[in-house]
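Understanding the architecture of this molecule
Each chain, letter by letter, is given below.
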Amino acid sequence: DQQVKQNSPSLSVQEGRISILNCDYTNSMFDYFLWYKKYPAEGPTFLISISSIKDKNEDGRFTVFLNKSAKHLSLHIVPSQPGDSAVYFCAASANSGYALNFGKGTSLLVTP
Amino acid sequence: DAGITQSPRHKVTETGTPVTLRCHQTENHRYMYWYRQDPGHGLRLIHYSYGVKDTDKGEVSDGYSVSRSKTEDFLLTLESATSSQTSVYFCAISGLGLAVLDEQFFGPGTRLTVL
């Protein structure tokens with residue numbers, strides 16, 4: 001059973017606008033959340049993370065928001081650039097820290 | 001670059017043959033993982049290792065075994081490959097310091113086709 005869900009398989013955004021990628025989770029034991037970016041024929045690349053003690057983390061153009069009561073997190077990319085076009089995976093781990101549970105991914109296309 | 005390589009990068013094999021995939025890291029990370037990626041499933045954990053000779057099962061471990069005889073190498077073995085094991089396999093590493101809760105770094109992947 002999928003514990004991390006990315007319900008939008010794809011998203012198209014114009015260059016310069018905001019991209020918002022969403023992720024929901026069901027396991028209340030998850031306490032660490034990550035976003036990965038993946039280009040075709042490459043391994044996933046770590047983008048940004050947030051622990052459950054925070055509700056926001058920023059790194060340059062990327063911000064992750066965590067709403068624990070709703071079991072929801074989102075990744076905001078501002079401004080979006082064509083190089084951001086990739087598949088984005090949301091992942092979560094419980095307090096063991098060993099295993100990451102991944103969503104199915106959202107394919108982002110940023111058009112000029 | 002986290003210094004993680006996978007070999008082979010591509011492999012085609014026949015049903016029933018044994019296959020071993022290798023993950024090699026150069027940066028002394030404590031934890032190593034094997035995932036598979038399939039359309040419609042994202043990445044799923046097969047096995048992981050939390051130290052030399054210390055391994056445990058992940059979500060989709062049936063049909064796979066692993067070994068870690070030294071820090072830098074983590075091997076994934078398909079004892080008798082089946083067509084359902086056609087997939088892209090990713091190795092990941094984490095735990096350079098004392099922290100367990102840190103990001104995992106992924107290798108470039110191995111595309112395995114079982115005919």
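Residues numbered from 1 in each chain as written. Chains lettered and ligands numbered in written order. Predicted model: local features only at pLDDT ≥ 70, side-chain atom pairs only at ≥ 80, totals over all residues. Heavy atoms only, no water.

1. Thoughts on the overall build of chain B
This is how the line gets drawn: Secondary structure elements follow DSSP: runs of H or I of four or more residues count as helices, runs of E of two or more count as strands, with numbering from the N terminus. We take the radius of gyration over the C-alpha atoms and set the globule estimate at 2.2 Å times the residue count to the 0.38 power. Relative accessible area decides the class of each residue, using a 1.4 Å probe on protein chains only: under 20% of the type maximum gives buried, over 50% gives exposed, and in between gives partly exposed. Should any heavy atoms of two residues lie within 4.5 Å, those residues are considered in contact. To be clear on the numbers: accessible area is Shrake-Rupley with a 1.4 Å probe, and residue cover counts the displayed protein chains and nothing else. His is not counted, nor are the chain ends; Lys and Arg add positive charge and Asp and Glu add negative charge. Lys charges are placed at NZ, Arg charges at CZ, Asp charges at CG and Glu charges at CD.
The secondary structure content of chain B amounts to zero helices and eleven strands. Each helix and strand of chain B, ordered N terminal to C terminal, gives the series β-β-β-β-β-β-β-β-β-β-β. Taken against the 2.2 N^0.38 rule, which gives 13 Å for 115 residues, the C-alpha radius of gyration of chain B at 13 Å falls within 12% of a compact globule. Overall, the C-alpha framework of chain B stretches about 40 × 30 × 25 Å when taken along its three principal axes. Burial status across chain B gives 47% buried among its 115 residues. Contacts spanning at least 24 positions in sequence make up 56% of the contacts within chain B whose residues lie at least 6 apart. Summed over its atoms, the accessible surface of chain B is roughly 5,400 Å², and 50% of this surface lies on carbon and sulfur atoms. With 11 positive and 13 negative side-chain charges, chain B shows a separation of 4 Å between the mean positions of the two kinds.

2. A closer look at the state of the cysteines
Selection criterion: Criterion for a disulfide: a pair of cysteine sulfur atoms within 2.5 Å.
Going through the model one piece at a time under the given rule, you end up with two disulfides over all chains. Here Cys 23 of chain A engages in a disulfide with Cys 90 of chain A; their sulfurs sit 2.0 Å apart. Disulfide Cys 23 of chain A-Cys 90 of chain A: torsion about the S-S bond near -75°, hence left-handed. Remark: Cys 90 of chain A occurs in strand β9 (residues 86-93) and Cys 23 of chain A occurs in strand β3 (residues 19-25); sequence separation between them is 67 residues. Of the two residues, Cys 23 of chain A and Cys 90 of chain A, neither departs from the other in class, the shared state being buried. The side chain of Cys 23 of chain B participates in a disulfide bridge whose partner is Cys 91 of chain B; the two sulfur atoms lie 1.9 Å from each other. Its S-S torsion of approximately -75° makes the covalent link between Cys 23 of chain B and Cys 91 of chain B left-handed.

3. Let's talk about the sheet that holds strand β3 (residues 19-25) of chain B
Residue and element names in this part refer to chain B. We count it as follows: What makes two strands pair is DSSP finding at least two bridges between them. For helices, the axis comes from a line fit to the C-alpha atoms of the stretch in contact; other axes are also lines fit to C-alpha atoms, and the angle between any two N-to-C directions lies between 0 and 180 degrees.
Ordered by their spatial adjacency, four strands build an open sheet running β1-β3-β8-β7, and the pairing between neighbours is antiparallel. Every other strand in the sheet has two partners, leaving β1 (4-7) and β7 (64-70) as the edge strands with one partner each. Along the sheet, successive strands turn relative to each other by an average axial angle of 20°, direction set aside. Inspection of the sheet shows β3 paired to strand β8 (residues 73-78) by six bridges, in the antiparallel sense. Note that in β8 the partner of Arg 22 across the bridge is Leu 75.

4. A word on the sheet that holds β3 of chain A
The strands making up a sheet associate through hydrogen bonds between their backbones, and the pairing can be parallel or antiparallel. Residue and element names in this part refer to chain A. Read from one edge to the other, the open sheet built from five strands follows the order β1-β3-β8-β7-β6, with strand pairing classed as antiparallel. Each edge of the sheet is formed by a strand with only one pairing partner; in this case those strands are β1 (4-5) and β6 (56-59). Direction of pairing for β3 relative to strand β8 (residues 72-77): antiparallel, over a ladder of six bridges. Within β8, the residue paired with Ser 19 across the bridge is Ile 77.

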